[in-house]
Amino acid sequence: MTRKELQKISLQYRTLASQMLKINSQEEMYCIQQFYDFINETSFLMSYIDECITEEYDFMSIFEEKGWRDILDLPSNQKELISYGFQLIKYILDGPKQLIGLCMGYTSSNKFSDNIEAFMRKSIEPFVVAVRTYIELNFIEQPELVNLFTGAKDAKELLMRLSVVAKEPLEQGKTIIFLDEIQEFKDIATRIKFLVENGTFRYIMSGSLLGVELNDLRSAPVGYLEIYDMYPLDFKEFVRAAGVKNDVILMLEGHFKKRNPVDDFIHSKMLDLFYLYLIVGGMPEAVAVYLETNDLGKVAKVHEKIIRLYKTDFSKYEKNYKLKLQEIYDAMPGQLDQKNKRFQLNAVEKGMSYDRLKNDFLWLKDAGVAIPVYNISEPKLPLIISENRNLFKLFFSDVGLLTSCYSNQVKLAILNKEKAINNGALFENVVAQELLAKGHKEYYFNSKQQGELDFVIELDGKVVPLEIKSGKDYKRHSALNNVLKNENYKIEEAYILSEGNIEIEGKRVYMPIYMIMFLENTELTNTIYKIDLDGLGE
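Please read these numbers as outputs of a predicted model, since none were measured by experiment.

1. Focus: unusual backbone geometry
- Here the residue pair Leu 381 and Pro 382 is connected by a cis peptide bond, since its omega of -15 degrees sits within 30 degrees of zero.
- Relative to the helices and strands, Pro 382 resides in the loop between β4 (370-376) and β5 (387-396).
- Notably, Arg 259 is not glycine yet its phi reads approximately 60 degrees, a positive angle.
- Positionally, Arg 259 belongs in the loop between α12 (246-258) and α13 (264-280).

2. Focus: the environment of Leu 519
- Position of Leu 519 among the secondary structure elements: in the segment after β11 (508-512).
- Distance in space between the C-alpha atoms of Leu 519 and Val 431 is 10.0 Å, their sequence separation being 88 residues.
- Apart from the residues lying within four places of it in its own chain, the contact partners of Leu 519 are Phe 256, Leu 435, Lys 438, His 440, Ile 457, Leu 459, Leu 466 and Tyr 495.

3. A few points about the pattern of salt bridges
- Scanning all chains against the criterion turns up 21 salt bridges.
- The residue Lys 311 makes a salt bridge to Asp 330 at a minimum N-O spacing of 2.9 Å. Of this pair, Lys 311 sits in helix α15 (residues 296-321) while Asp 330 sits in helix α16 (residues 325-336), placing them 19 residues apart in sequence.
- Since its relative accessible area comes to 23%, Lys 311 is described here as partly exposed.
- Residue Glu 387 is joined to Arg 389 by a salt bridge in which the shortest nitrogen-to-oxygen separation is 2.7 Å.
- Taking the relative accessible area as the measure of exposure, Glu 387 reaches 23% and is therefore partly exposed.
- Judged by relative accessible area, which is 38%, Arg 389 ranks as partly exposed.
- Residues joined by salt bridges that share partners form a network here, namely Lys 341, Lys 393, Glu 428 and Glu 452.

4. Structural notes on the sheet that holds β11
- If you trace the eight strands from one edge of the open sheet to the other, you get β5-β4-β6-β7-β8-β9-β11-β10, paired in mixed fashion. The open sheet is flanked by β5 and β10 (503-505), the only strands paired with a single partner. With strand direction ignored, the average angle separating the axes of adjacent strands in the sheet is 30 degrees.
- Each of β4 and β5 is contacted by α16, which is oriented at about 90 degrees to β5, the strand it contacts most.
- Sheet contacts for helix α21 (residues 478-485): β6 (443-447), β7 (451-459), β8 (462-468), β9 (494-498) and β11; angle to β7, the most-contacted strand, approximately 55 degrees.

5. Description of the pairing of β8
- A large share of β8 lies buried, amounting to six of its seven residues.
- The pairing of β7 with β8 spans five bridges and is classified as antiparallel. Paired with Val 456 across the strands is Pro 465, a residue of β8.
- Turn length for the β7-β8 hairpin, with the two strands adjacent in sequence and antiparallel, is two residues, and the turn residue Asp 460 shows positive phi of about 50 degrees.

6. Brief notes about the nonpolar core
- Within the largest apolar cluster, 106 residues are counted, with the highest numbers of intra-cluster contacts made by Phe 235, Phe 343 and Leu 466.
- What Phe 343 contacts, discounting residues up to four positions off in sequence, is Ile 328, Ala 331, Met 332, Gln 335, Val 348, Phe 361, Phe 392, Lys 393 and Leu 394.
- Of all hydrophobic cores here, the second largest spans 50 residues; its members include Ala 17, Ile 82, Leu 102 and Met 104.

7. Focus: the environment of Glu 505
- Tracing the backbone shows Glu 505 in strand β10.
- For the pair Glu 505 and Asp 460, spaced 45 residues apart in sequence, the C-alpha separation works out to 21 Å.
- The contacts of Glu 505, once residues within four sequence positions are left out, are Lys 475 and Tyr 510.

8. Here's the deal with the packing of helix α3 (residues 43-52) against helix α5 (residues 78-94)
- Where α3 contacts α5, the two axes come as close as 8 Å, and the packing angle between them is 105 degrees. Regarding the angle of α3 to α5, the classification is roughly perpendicular. Contacts between α3 and α5 involve Met 46, Tyr 48, Ile 49, Glu 51 and Cys 52 on the former and, on the latter, Lys 79, Ile 82, Ser 83 and Phe 86.
- Its residues placed into classes, the contact of α3 with α5 shows six nonpolar, one polar and two charged.

9. A word on the side chain of Lys 411
- Here Lys 411 lies in helix α19 (residues 408-415).
- The side chain of Lys 411 sits in the buried core without any salt bridge; Glu 304 is the nearest counter-charge, 6.2 Å away.
- Setting aside its immediate chain neighbours within four residues, Lys 411 contacts Ile 279, Ala 300, Thr 403, Ser 404 and Tyr 406.

10. Side note on the environment of Arg 121
- Here Arg 121 shows up in helix α6 (residues 112-132).
- Sequence-wise, Arg 121 and Tyr 106 are 15 residues apart; in three dimensions their C-alpha atoms are separated by 9.5 Å.

11. Overview of a nonpolar patch on the surface
- A cluster of nonpolar side chains, namely Tyr 529, Ile 531, Leu 533 and Leu 536, defines an oily patch on the protein surface of about 530 Å² accessible area.
- Using a relative accessible area of 71% as the deciding quantity, one classes Tyr 529 as exposed.

12. Remarks on the packing of aromatic side chains
- This structure, assessed with the given rule, holds 31 aromatic pairs.
- Between the aromatic rings of Phe 445 and Tyr 489, the centroid separation amounts to 6.2 Å while the plane-to-plane angle is 75 degrees, which identifies the pairing as edge-to-face. In this pair, Phe 445 sits in strand β6 while Tyr 489 sits in the loop between α21 and β9, placing the two residues 44 residues apart along the sequence.
- For Phe 445, a relative accessible area of 1% translates into the label buried.
- For Tyr 489, a relative accessible area of 12% gives the class buried.
- Three or more aromatic residues link up through ring pairs in this structure, and these residues are Phe 235, Phe 238, Phe 274, Tyr 275, Tyr 277 and Phe 427.
- Lying over the aromatic face of Tyr 30, Lys 245 brings its terminal NZ or CZ to 5.8 Å of the ring centre.

13. A look at α12
- Its 13 residues place the ends of α12 18 Å apart at the C-alpha level, agreeing with the 18 Å of an ideal helix rising 1.5 Å per residue.
- Taken together, the buried positions of α12 are occupied by Asn 246, Ile 249, Leu 252, His 255 and Phe 256.
- Just downstream of α12 lies Arg 259, where phi reads positive at about 60 degrees.

Calculation rules
Residues numbered from 1 in each chain as written. Predicted model: local features only at pLDDT ≥ 70, side-chain atom pairs only at ≥ 80, totals over all residues. Heavy atoms only, no water. Helix = DSSP H or I, 4+ residues; strand = E, 2+ residues; numbered from the N terminus. Contact = heavy atoms within 4.5 Å. Salt bridge = Lys/Arg side-chain N within 4 Å of Asp/Glu carboxyl O. Buried < 20%, exposed > 50% of the residue type's maximum accessible area, 1.4 Å probe, protein only. Pairing = 2+ DSSP bridges. Axes fitted to C-alpha atoms, helices over the stretch in contact; angles between N-to-C directions. Core = buried A, V, L, I, M, F, W, Y, C linked by side-chain atoms within 4.5 Å. Parallel < 35°, antiparallel > 145°, perpendicular 65-115°, else oblique. Nonpolar A, V, L, I, M, F, W, Y, C, P; charged D, E, K, R; others polar. Lys, Arg positive; Asp, Glu negative; His and termini not counted. Patch = residues over 30% accessible without salt bridge, like charges linked within 9 Å, V, L, I, M, F, W, Y side chains within 5 Å. Areas by Shrake-Rupley, 256 points an atom, 1.4 Å probe, with all protein chains shown as cover. Phe/Tyr/Trp six-rings, centres within 6.5 Å; stacked < 30°, edge-to-face > 60°. Lys NZ or Arg CZ within 6 Å of the ring centre and 35° of its normal. Expected span 1.5 Å × (residues − 1).

Listed below in structure tokens is the structure:
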């Protein structure tokens, strides 16, 4: 798990927790539900909470027996407190679905809002703090930690050394130890195994450029190490962080599935959010700064800092491995602005071949800096068979980093949806990000006879072309028409993503661009397959 990935989880957790703890009577259930859903969807948090739950609490009886002026008696043990708090939140959502009747007695005030605030502070906040508790050990700021790990003979000695350098007491069953900047100690994956087997604490590892620095992590022994692929905030996560209620997102998803047009007011507001996302992007620090200040100038400074750090890393690797990372990165905005967005190697150096630059592109991909979308020779299952890695489009890992290359005047023009601005590259970059984050293998198709399809994916076992249109003439798509007519491909439907509302014309499904957030494969609920060997066995 990279540092950026942990920042993303931390940002979302703290933001949702803060919103929940500051709720008023109008938005109480929405904020609690958002916080609860986030925990449920974050596997390593739920894994920790599940370990804490050793007792089921009957909150219906607890509240029936609680006096009018009594407050809940919280457990003192950390694991029990986490178990109690999580089950209390679940009870509120599953049972009364409101705080009236639960929160009285937490303050002498007669105001309902004051009682809600006191109840949340005294009964829910201890759970929030307990889950957030962790120790961070940083191998860059504390380089002596490398020697601490390498010099220890066994897990017992290592834990003793950790307790000496830790800023807080290490408490069994309570402390989560963060090991940060682990790229500075490449043997960490092997060493951490012994700590995990010891079972005293839980560990989270993070760092920079882990896809490059620790590319052997995935071959580490199984059973003690879980690897999470994470990305900048996708559009759904962005709108949630911006304050859009979950009910609205669920309503939009219902329209996506039933293919009914969205209410014009909501459609317009979602487009406004999408255009804001084009500027802010999904980098956790950039999103946090925007939510705190609404200052796009400060957001731009965050983007500039991130790009400077990227280029510092580029310089290090270019020197050691004779790569052309910065030339490629600097060429990307111009390449994406072309009508044919396929990356042209001559943009790096005239006469350059793919074989000479292959490792450079792989480095950018593994480092999480760029997203390659490869060409396929025909849109037929399985797509990977016709993949051609010599031909590809190269997108930014975050659309905010792409727009950071634009002037402030152009950014304002984008937000104002001025017709003179071509947003095609930005729309496609968001789609590339969303597809990657949702686990799709994304391709594009180009044929001299039929034309080019922006994206092609496998969706629920079928080939689905995606056309991305940023202008008003989104119903003009000759290449897509040619492919849909080709009986050899047997394509049942295609999506056209634009500013328009939902509409269906034959095999063409027109969707608002923001609905890319719902384009996911249906999760298989039954993966059991037993072969019939009757007549072959005993």
